[in-house]
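Residue-level structural notes
So you can see what is in the structure, the chains are spelled out below.
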Amino acid sequence: MSVITLILGTLVALEFLYIFYLETIATTSSKTRKTFNLSKVDMESKSLQVLFKNQGVYNGLIALLLFYSLYLSHAAKEITSLILMYILLVACYGAVTSDKRILLKQGGLAILTLLSLIFLG
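Our subject in this report is the structure included herewith. Values in this document were obtained by computation on a predicted structure and should not be read as measured data. (Residues numbered from 1 in each chain as written. Predicted model: local features only at pLDDT ≥ 70, side-chain atom pairs only at ≥ 80, totals over all residues. Heavy atoms only, no water.)

Below, the discussion takes up the pattern of salt bridges. Under the criterion given, the structure shown has 1 salt bridge. One salt bridge in this structure joins D99 and R101, with 2.9 Å as the shortest N-O distance. Classification of D99 by relative accessible area gives partly exposed; the value is 25%. (Salt bridge = Lys/Arg side-chain N within 4 Å of Asp/Glu carboxyl O. Buried < 20%, exposed > 50% of the residue type's maximum accessible area, 1.4 Å probe, protein only.)

Right, here's the structure in full:
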């Protein structure tokens, strides 16, 4: 795997760790509220906090799986490709159902990483 692919993949994993942090640890912070474009009243909802924490766990696991595929796996290209394609599918779903900007916000770096993996190895 090329150094560029490793760097881009690591940035994607770090992005998902940051999302994990916002959704699971800093659930009611002003940064989380601003990132997800929600009001303070919305963020104080216990049911929304539970949903955020649940989604945060998924994002944290995606980050860990991506780190594993990049640095520990014997089938690094295959596993990394699958994880990146999953991220892109989720970003597409978010763009269709929530906000078109999600495609680039959540999927932009993953697209670059996947292209790097395909063309640079």
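Continuing now.
Despite not being glycine, N37 shows a phi value in the positive range, around 55°. As for its position among the elements, N37 is in the loop between α2 (30-35) and α3 (40-43). (Helix = DSSP H or I, 4+ residues; strand = E, 2+ residues; numbered from the N terminus.)

Next up on the list: the environment of A26. Mapped onto the fold, A26 is located in the loop between α1 (3-25) and α2. With 17 residues separating them along the chain, A26 and G9 place their C-alpha atoms 24 Å apart. Filtering out sequence-adjacent residues up to four positions away, A26 remains in contact with Y21 and T32. (Contact = heavy atoms within 4.5 Å.)

The next thing to look at is α1. When the terminal C-alpha atoms of α1 are compared, their 31 Å separation across 23 residues agrees well with the 33 Å that a helix rising 1.5 Å per residue should span. Residues of α1 that are buried include every one of T5, L8, G9, T10, V12, A13, E15, F16, I19, L22, E23 and T24, and no others. Buried residues belonging to α1 abut α2, α4 (46-71), α5 (76-97) and α6 (102-120). (Expected span 1.5 Å × (residues − 1).)

Attention now goes to the packing of aromatic side chains. Per the counting criterion, the structure on display carries 2 aromatic pairs. Consider the rings of Y18 and Y21, whose centres lie 6.4 Å apart with planes at 25°: the pair is stacked. In this pair, Y18 and Y21 both sit in helix α1, 3 residues apart, roughly one turn of the helix. Given a relative accessible area of 39%, Y18 falls into the partly exposed group. Consider the rings of F36 and F52, whose centres lie 4.9 Å apart with planes at 75°: the pair is edge-to-face. One end of the pair, F36, is in the loop between α2 and α3; the other, F52, is in helix α4, with 16 residues separating them in the sequence. (Phe/Tyr/Trp six-rings, centres within 6.5 Å; stacked < 30°, edge-to-face > 60°.)

The end-to-end C-alpha distance of α5 is 31 Å, a good match for the 32 Å that 22 residues give at a rise of 1.5 Å each. Within the span of α5, buried status applies to A76, T80, S81, I83, L84, I87, L88, A91, G94 and A95. Considered in projection along α5, the buried side chains sweep an arc of 170° and stay on one side of the axis. For α5, exposure combined with an orientation more than 90 degrees from the buried face picks out E78, L82, L89, Y93 and V96. Looking at the buried side of α5, the elements it contacts are α1, α4 and α6. (Arc of directions from axis to C-beta.)

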